[in-house]
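# Understanding the architecture of this molecule
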Amino acid sequence: MSKWQKHITYFVLIFFTSHLIRDIFQDTGTKNLLSIILTKQDLSQTPSWYWQIFNGYVIEITGIVLAIYSLKTKSFKWSGVLSVFLVLAFILIWLVYWFFL
């Protein structure tokens, strides 16, 4: 694993960990700076369990596990590429939600 791949993997790990903590704060109703940044009232017809469980926890935990696996094995093959893809997909999903829903 090269130096830039290690930095990207640490970024993925920090991104998903902080977002998981933020989601836990939001779902428990805890109001703090982390839980109120870039939030929007959900006006979509999608069930709340879909956004909370699938788009939140499953993707975040998968990204964390892939990043840790990539760092432990010191390999950026499929696990590192997939974790970066998850971050990009997560950001794209959020942009669609923010601007179109």
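Given the structure is predicted, the values throughout are model-derived calculations rather than measurements.

What counts and what doesn't
- Residues numbered from 1 in each chain as written.
- Predicted model: local features only at pLDDT ≥ 70, side-chain atom pairs only at ≥ 80, totals over all residues.
- Heavy atoms only, no water.
- Helix = DSSP H or I, 4+ residues; strand = E, 2+ residues; numbered from the N terminus.
- Buried < 20%, exposed > 50% of the residue type's maximum accessible area, 1.4 Å probe, protein only.
- Contact = heavy atoms within 4.5 Å.
- Polar contact = N/O pair within 3.5 Å; in protein donor to acceptor, adjacent residues only side chain to side chain.
- pLDDT = per-residue confidence, 0-100.
- Expected span 1.5 Å × (residues − 1).
- 1 Å grid on protein atoms, 1.4 Å probe; cavity = no way out; pocket = protein on both sides within 12 Å on 5 of 7 lines; lining within 4 Å.
- Points joined across faces, edges and corners; volume = space filled by probe spheres on them.
- Nonpolar A, V, L, I, M, F, W, Y, C, P; charged D, E, K, R; others polar.

Another aspect to go through is the environment of arginine 22. Secondary-structure assignment places arginine 22 in helix H1 (residues 3-28). We classify arginine 22 as buried; its relative accessible area is 12%. Excluding its chain neighbours within four sequence positions, the residues that come into contact with arginine 22 are Leu34, Ser35, Ile37, Leu38 and Thr39. From its side chain, arginine 22 meets the backbone oxygen of leucine 34 in a polar contact 3.5 Å long.

Scored by pLDDT, the protein comes out at a mean of 87, with 90% of its residues at no less than 70. H1 holds the highest mean pLDDT among the elements of the protein, 93, whereas helix H2 (residues 33-36) holds the lowest, 84.

Glancing now at H1. Taking 1.5 Å of rise per residue, 26 residues should cover 38 Å, and H1 covers 38 Å from first to last C-alpha, within 8% of that figure. Those residues of H1 not exposed but buried are Gln5, Thr9, Val12, Leu13, Phe15, Phe16, His19, Leu20, Arg22 and Asp23. Residue glycine 29 follows H1 closely and has a positive phi angle near 85 degrees.

Estimates place the volume of the second largest pocket at around 250 Å³. Lining the second largest pocket, in full, are Phe15, Ser18, His19, Arg22, Leu34, Ile37, Leu38, Phe90, Ile91 and Trp94. Taken together, the elements giving at least two residues each to the lining of the second largest pocket come down to H1 and helix H4 (78-100). Residue contributions to the lining of the second largest pocket peak at 4 residues, all from H1. A breakdown of the residues in the lining of the second largest pocket according to their chemical character gives 7 nonpolar, 2 polar and 1 charged.

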